[in-house]
Amino acid sequence: AAASRVFAFRDARWAPDPVLEPSAAVRTPHPVPLVIDNGSFQTRAGWASADPAVPAEPLLRFRSLAARSRGARGGAGAETQVGNDLGSPEPLRWLLRSPFDRNVPVQLELQELLLDHVFQRLGVASQGCVDHPIVLTEAVCNPLYSRQMMSELLFECYQVPKVSYGVDSLYSFYHNRRQNWPCSGLVISSGYQCTHILPVLEGRLDAKNCKRINLGGCQAAVYLQRLLQLKYPGHFAAITLSRMEEILHEHSYVAEDYIEELQKWRSPEYYENNMHKMQLPFSNKLLGSTLTSEEKQERRQQQLRRLQELNARRREEKLQLDQERLDRLLYIQELLEDGQMDQFHKALVELNMDSAEELQSYINKLSLSVEQTKQKILQAEVNIEVDVVDSKPETPDLDPLGSEHSLEDVESINEFEPLFAEEQPEVEKPVAAVQPVFNLAEYHQLFLGTERIRAPEIVFQPSLIGEDQAGIAETMQYVLERYPKEQQAILVQNVFLTGGNTMYPGLKARVQKELLEMRPFQSSFQVHLASSPVLDAWYGARDWAVEYMSREEGWITRKDYEEKGGEYLKEHCASNVYVPIRLPKQGPRTTEALAPGRALPSSTGNPCEQA
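Note that the coordinates shown come from a computational prediction; the quantities given were computed from them, not determined experimentally.

Caption draft 1: How the structure looks around helix H2 (residues 144-157). Between its terminal C-alpha atoms H2 stretches 19 Å, which fits the 20 Å expected from 14 residues at 1.5 Å a residue. Every buried residue of H2 is accounted for by Ser146, Arg147, Met150, Ser151, Leu153, Leu154 and Phe155. Once H2 ends, the next one or two residues include glutamine 159, with phi positive near 55°.

Caption draft 2: Region of interest: the pattern of salt bridges. By the definition in use, this model includes 20 salt bridges. Between arginine 204 and glutamate 571 there is a salt bridge, and its shortest N-O distance comes to 3.0 Å. Note that arginine 204 is positioned in strand S14 (residues 204-205) and glutamate 571 in the loop between helix H19 (558-564) and helix H20 (591-594), a separation of 367 residues in sequence. For arginine 204, a relative accessible area of 31% corresponds to the partly exposed category. Several salt bridges share partner residues, and in doing so they unite Glu156, Arg558 and Glu562 into one network.

Caption draft 3: Layout of the pairing of strand S18 (residues 495-498). Both faces of S18 are covered, namely the face carrying Val495 and Leu497 and the face carrying Phe496 and Thr498. For strand S12 (residues 185-190) and S18, the ladder comprises four bridges, and the chain directions are parallel. Each residue of the ladder has a partner; that of serine 189, found in S18, is threonine 498. With helix H17 (residues 507-518) bridging S18 and the parallel strand S19 (residues 527-529), this β-α-β connection has right-handed handedness.

Caption draft 4: Layout of the sheet that holds strand S10 (residues 134-138). Read from one edge of the open sheet, six strands run S4-S3-S2-S10-S11-S20, paired in mixed fashion. Because the sheet does not close on itself, it has two edges, and the strands there are strand S4 (60-63) and strand S20 (556-557). As paired elements, strand S2 (residues 34-38) and strand S3 (residues 42-47) share five bridges and run antiparallel to each other. Its bridge partner being in S3, isoleucine 36 is matched across the sheet by alanine 45. Packing of helix H1 (residues 108-121) onto the sheet brings it into contact with S2, S3, S4 and S10, and relative to S4 it is tilted by some 150°. Contacts between H2 and the sheet are confined to S2, S10, strand S11 (162-167) and S20, with S11 contributing the most and set at about 150° to the helix.

Caption draft 5: Spatial organisation of the nonpolar core. Among the nonpolar cores identified, the biggest contains 43 residues, and Ile188, Leu228, Ile247, Leu446, Met476, Val511 and Leu515 are the most heavily contacted of them. Put simply, the parts of the chain that give this core at least two residues each are S12, helix H4 (217-231), helix H5 (241-251), strand S17 (445-448), helix H15 (472-480), S18 and H17. For this core, the element with the most residues is H4, which contributes six residues. Apart from residues no more than four positions distant in its own chain, valine 511 is found in contact with Ile188, Phe460, Met476, Val495, Leu497 and Val527.

Caption draft 6: Structural context of empty space enclosed by the protein. Within this structure, the stated rule accounts for one cavity of 30 Å³ or more. Size it by volume and the largest cavity reaches roughly 40 Å³. Every residue along the wall of the largest cavity is listed here: Ser190, Val254, Val459, Ile472, Asn501, Thr502, Tyr504 and Leu507. Classifying every residue of the lining of the largest cavity gives five nonpolar, three polar and no charged.

Caption draft 7: Examining the packing of H4 against H5 more closely. Across the interface, H4 lies against H5 with an axial gap of 9 Å and an inter-helix angle of 105°. The pairing of H4 with H5 is recorded here as roughly perpendicular in orientation. Facing Gly217, Ala220, Ala221, Val222, Leu224, Gln225 and Leu228 of H4, the residues of H5 in contact are Leu241, Met244, Glu245, Ile247 and Leu248.

Caption draft 8: Region of interest: H4. With 15 residues, H4 should cover 21 Å at 1.5 Å per step; its first-to-last C-alpha distance of 21 Å lies within 8% of that length. Among the residues making up H4, those that are buried are Gly217, Cys218, Gln219, Ala220, Ala221, Tyr223, Leu224, Gln225, Leu227, Leu228 and Gln229. For H4, the elements touching its buried residues are H5, S17 and helix H14 (451-454).

Caption draft 9: Focus on the packing of aromatic side chains. Following the criterion strictly, the structure yields ten aromatic pairs and no others. Ring centres of tryptophan 544 and tyrosine 548 lie 4.9 Å apart, and the angle between their planes is 15°; on these two criteria the pair is classed as stacked. With 5.4 Å between their ring centres and 45° between their planes, tryptophan 544 and tryptophan 555 make a pair best called tilted. Here tryptophan 544, found in helix H18 (residues 536-547), pairs with tryptophan 555, found in the loop between H18 and S20; they are eleven residues apart in sequence, far enough to count as distant. What makes tryptophan 555 buried here is its relative accessible area of 2%. Taking the ring centre of tryptophan 555 as reference, the NZ or CZ of lysine 162 above it sits at 4.7 Å.

Criteria and thresholds
- Along each chain, residues carry numbers from 1 onward, in the same order as the chain's sequence is written.
- Restriction of local features to residues with pLDDT of at least 70 applies here, the model being predicted, together with a cutoff of 80 or more for giving and counting side-chain atom pairs; totals for whole chains, interfaces and linings are based on all residues.
- Calculated side-chain values reflect all of the structure's heavy atoms, with hydrogen atoms and water omitted.
- Runs of H or I in DSSP of at least four residues are treated as helices and runs of E of at least two as strands, each being numbered from the N terminus.
- By definition here, a helix of n residues has an expected span of 1.5 Å times n minus one.
- For the exposure calls, accessible area comes from a 1.4 Å probe over protein chains only, and a residue counts as buried if that area is under 20% of its type's maximum, exposed if over 50%, partly exposed in between.
- The term salt bridge refers to a pairing of a side-chain nitrogen on Lys or Arg with a carboxyl oxygen on Asp or Glu at a separation within 4 Å.
- For two strands to be treated as a pair, DSSP must find at least two bridges joining them.
- With the strands aimed away from the viewer, a crossover counts as right-handed if its path from the first strand over the helix to the second runs clockwise.
- Only heavy atoms enter the contact rule, under which two residues are in contact if any of them lie within 4.5 Å.
- For every element, the axis is a line fit to its C-alpha atoms; helices are fit only across the contacting stretch, and the angle between N-to-C directions ranges from 0 to 180 degrees.
- Only buried residues count toward a nonpolar core, which is a set of Ala, Val, Leu, Ile, Met, Phe, Trp, Tyr and Cys residues joined through side-chain atoms within 4.5 Å.
- Cavity and pocket criteria rest on a 1 Å grid covering protein atoms alone: a 1.4 Å probe that fits but cannot get out defines a cavity, protein on both sides within 12 Å along at least 5 of 7 lines defines an open pocket, and an atom within 4 Å of a point defines a lining residue.
- Grid points are joined across faces, edges and corners, and a volume is the space filled by probe spheres set on the points.
- Polar here means any residue other than Ala, Val, Leu, Ile, Met, Phe, Trp, Tyr, Cys and Pro, which are nonpolar, and Asp, Glu, Lys and Arg, which are charged; Gly is therefore polar.
- Angles below 35 degrees are treated as roughly parallel, those above 145 as roughly antiparallel, those between 65 and 115 as roughly perpendicular, and all remaining angles as oblique.
- Each aromatic pair joins two rings of Phe, Tyr and Trp (for Trp, the six-membered one) with centres within 6.5 Å, and gets the label stacked for planes under 30 degrees apart, edge-to-face for over 60, and tilted for any other angle.
- Each ring is checked for a lysine NZ or an arginine CZ that lies within 6 Å of its centre and within 35 degrees of its normal; such an atom marks a charge sitting over the ring.

Everything listed is a geometric property; what it means functionally is a separate question.
Written out as structure tokens, the structure is:
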């Protein structure tokens, strides 16, 4: 049972997205909408069509990240990688950039990279224009400037014919509706950066009473990383964010009663039965004490030969470089001897030298260096030959360094002396005694106990990480108390959980327990979990696009964009509420007030005449 609870990190690498060839059904008889779930954690894209030939699932799924490497020294330009093309995020963690601030896209140049990746991999020609309608998800109560920049990017850069914006959690609510479900409900959406409590009345979002908690899966992963790094400081670098996300997705759960669950973990039996061991990668080559004396001797000789070859290669490269410099200086000296003074002085200026004496001094130094390097190369070849002739395999106890090696080789070997420390050859020990008592595999294991419930708990108790915010239960109660009792009873009949951060086991039971504590005695409520909390937003957007493809409701055309601005929004059942910009009315200004040094007009008289 103990061995079965040892889990190895997958450390899976992302496979690059292939370039897909779109089927003819997405072009004929008219271009079908392209649905993009623009999430802060992952971007999902696919086609919305009722034709069975078009897949009814997202064809692209990649992390919303981009990395732009600096140009190589060889002259190659900077390379930009997006999404799954990164392979693994950890080696490039310091280069990763996201277009999102929390869950709002603000870096439009990075957002353009993500859209280019989507269009390229789906086979959409985006050089001239993208002639497919776009259905795009956005944040709840998205700021007008963010929608304005996104509309400007889509209409001006990609020349799309029309676009529709919707809220991802409302699309998921729209997709999971059933025949007996009411049109009203309380949506709890917890994602990578934020958690939202959204009241829906009669099929429309009540934006005035929406609340946001600035906590999600990202903060849980960072909190878990800090906990384990404090617990295992020897594995600080191996405890990465990617591995923490894997622990959250596969080994964490939400406690129905957090305090009671912590009391259970105090029991040694409960700890042994529920603790998970995460195996970090390690190498058995670090066990030097398991090697025999002959193996250590052979390894030491191999290291010596590698050092000799490395030194010989360096001497040859140095000799070649010095010889080229010496030939160049001798050529310049010949110019002086031949009387070509102009070329000689020009060459001296290029070398940053002042006189012929300085040139001669540099030539002497280079000649001496070349001769010394040649002698070292000859001496090293002689030493290798002597080693080969004098080597005696029947006497392995002799010093392998010998007395004929060059000083550089001896110094290089001395640096590696601690690595090859060995026992005295005359002391023979049995094989069982040589085996180490220290278990290297257990040393590289992370024991997950209460960490399994502490990281997901932050959305219910943000004070665990020092955040001065209310948790899900308090926020949910605050939202409900803003409605009359009749509407409260309607909302709690359909409490809907969606988002990737709601996939923890036990989360639904925890929400039911919190509702049971806050609702009146003998009142009823129902909690539903999305069928696919991660993908239902895309499926709901696809369902909406198929249903409203031929209608005008919810679609912003290019004419609307040019007439009403980029922040304009056409509302629909899964969209935000459009709040136009209201500029304050400016009072009439008089011509006298515009002229400097003029006195203010008198308060008497006709104001129209003053104007």
